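# Structural overview for review
Each chain, letter by letter, is given below.
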Amino acid sequence: RDLQSVLRVAEQAAYEAGEIMTRTAGKIAVAKTKSNARDLVTDSDVKCQGVIKRVISEAFPNDVFLGEEDVGAGSEASALALKDALLEGKDSNCDNDDQKERLLWIVDPIDGTTNFQAGK
């Protein structure tokens, strides 16, 4: 796969998610918490991840997407989610050439949600 096309898609996904972040930083309530009160998830996290996934899926429909907001709290949940994503990447419905071209996109839409939510 042409890595320039991968970079262009990643940049487009980041740009679109960045527009959401710019509009909502410090202005959005916490939607839920995961493992503790400091492990926040905001509506912006979910919306940004959705935009990123959409942009990637439209460009590369056979790629695998693993988003932080779809994973439960804790290292066991993370390990299981990664294992599942890797198994999905070995989809038997793809021929060998398609299989070699598939990428696994691992996305944390807003790293530092606590600071983001506080507007920092």
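Before reading on, note that the structure itself is shown above.
To start, this report covers the structure provided alongside it. (Residues numbered from 1 in each chain as written. Predicted model: local features only at pLDDT ≥ 70, side-chain atom pairs only at ≥ 80, totals over all residues. Heavy atoms only, no water.)

### Quick look at the packing of helix H1 (residues 3-24) against helix H2 (residues 43-59)
Going by this rule: Note on definitions: angles span 0 to 180 degrees between N-to-C directions of axes, and those axes are lines fitted to C-alpha atoms, for helices only across the stretch in contact. Numbering of helices and strands starts at the N terminus; helices are DSSP runs of H or I of at least 4 residues and strands are runs of E of at least 2. Under this scheme an angle from 65 to 115 degrees is roughly perpendicular, one under 35 degrees roughly parallel, and one over 145 degrees roughly antiparallel; angles in between are oblique. Here is the rule for handedness: rotate from the far helix to the near one, and if that takes an anticlockwise turn smaller than a right angle the crossing is left-handed, while a clockwise turn gives right-handed. The criterion used for residue contact is that any of the two residues' heavy atoms lie within 4.5 Å. Charged means Asp, Glu, Lys or Arg here, nonpolar means Ala, Val, Leu, Ile, Met, Phe, Trp, Tyr, Cys or Pro, and polar covers whatever is left, Gly included.
In the contact formed by H1 and H2, the axes pass within 9 Å of each other and the chain directions differ by 160°. By the angle between their axes, H1 is roughly antiparallel relative to H2. Two packed elements cross with a definite hand, and for H1 against H2 that hand is right-handed. Contacts from Val9, Gln12, Ala13, Glu16, Ala17, Ile20, Met21 and Thr24 of H1 reach H2 at Ser44, Lys47, Cys48, Val51, Ile52, Arg54, Val55, Ile56 and Ala59. Among the residues making up the contact of H1 with H2, the classes are represented as 11 nonpolar, 3 polar and 3 charged.

### Side note on the pairing of strand S3 (residues 64-67)
Quick note on the threshold: Three exposure classes are used, based on accessible area relative to the maximum for each residue type with a 1.4 Å probe and protein chains only: buried under 20%, partly exposed in between, and exposed over 50%. Between any two strands, pairing holds if DSSP finds at least two bridges.
Residues Val64 and Leu66 point to one face of S3 and Phe65 and Gly67 to the other, with burial holding for every one of them. Bridge count for S3 against strand S4 (residues 104-107) is 4 bridges, and the pairing is parallel. In the strand pairing of S4, Gly67 is matched with Val107.

### Things to note about H1
We count it as follows: By this rule the span expected of a helix is its residue count minus one, scaled by 1.5 Å. Directions pointing from the helix axis toward each C-beta atom define the arc.
The terminal C-alpha atoms of H1, which comprises 22 residues, lie 31 Å apart, in line with the 32 Å expected from a rise of 1.5 Å per residue. Where H1 is concerned, the buried positions are Ser5, Val6, Val9, Ala13, Glu16, Ala17, Ile20 and Thr24. What you see down the axis of H1 is that its buried residues fit within an arc of 115°, all on one side. In this structure, H1 carries Leu3, Tyr15 and Thr22 as exposed residues pointing more than 90 degrees from its buried face.

### Things to note about the nonpolar core
This is how the line gets drawn: Side-chain atoms within 4.5 Å are what join buried Ala, Val, Leu, Ile, Met, Phe, Trp, Tyr and Cys residues into a set we call a nonpolar core.
Of all hydrophobic cores here, the largest spans 14 residues; its most connected members are Ile52, Ile56, Phe65 and Trp105. Among the elements of the structure, H1, H2 and S4 are those that each provide at least two residues to this core. Those residues within four positions of Trp105 in sequence are excluded, and the remaining contacts are Val6, Ala10, Ile56, Phe60, Asp63, Val64, Phe65 and Leu66. Of all hydrophobic cores here, the second largest spans 5 residues; its members include Val64, Leu66, Val71 and Ala85.

### Examining the side chain of Gln49
Convention followed: Between N or O atoms, a polar contact is any pair within 3.5 Å; within protein, one atom must be a potential hydrogen donor and the other a potential acceptor, and residues adjacent in sequence are included only when both atoms are from side chains.
Examined against the element boundaries, Gln49 turns out to sit in helix H2. Among the polar contacts made by the side chain of Gln49, one reaches the side chain of Asp70 at a distance of 3.0 Å. In contact with Gln49, other than residues within four places in its own chain, are Phe65, Gly67, Glu68, Glu69, Asp70, Val107 and Pro109.

### Overview of a nonpolar patch on the surface
Put simply, the rule is: Candidates for patches are residues over 30% relative accessible area with no salt bridge; among them, like charges are joined within 9 Å and nonpolar side chains (Val, Leu, Ile, Met, Phe, Trp, Tyr) within 5 Å. For accessible areas, the Shrake-Rupley method is used with a probe of radius 1.4 Å. Any residue's cover is judged against the shown protein chains and nothing else. The working definition used for a salt bridge is a side-chain nitrogen of Lys or Arg within 4 Å of a carboxyl oxygen of Asp or Glu.
A cluster of nonpolar side chains, namely Leu82, Leu86, Leu104 and Ile106, defines an oily patch on the protein surface of about 330 Å² accessible area. Of all the secondary structure elements, the ones that give two or more residues to the nonpolar patch are helix H3 (75-88) and S4. Along the chain, the position of Leu104 falls in strand S4. Residue classification places Leu104 among the partly exposed positions, given a relative accessible area of 31%.

### Quick look at the pattern of salt bridges
Two side chains with opposite charge may pair up if their charged atoms get near one another. Inspection of the entire model under this criterion finds 4 salt bridges. The partner of Arg1 in a salt bridge is Asp63, and the shortest N-O contact between them spans 2.7 Å. Of this pair, Arg1 sits in the segment before H1 while Asp63 sits in the loop between H2 and S3, and the two are 62 residues apart along the sequence. Judged by relative accessible area, which is 10%, Asp63 ranks as buried. The closest approach of N and O atoms between Asp2 and Arg8, which form a salt bridge, is 3.9 Å. One network of salt bridges, in which partners are shared, links Glu16, Arg54 and Glu58.

Geometric values such as these leave the question of function open.
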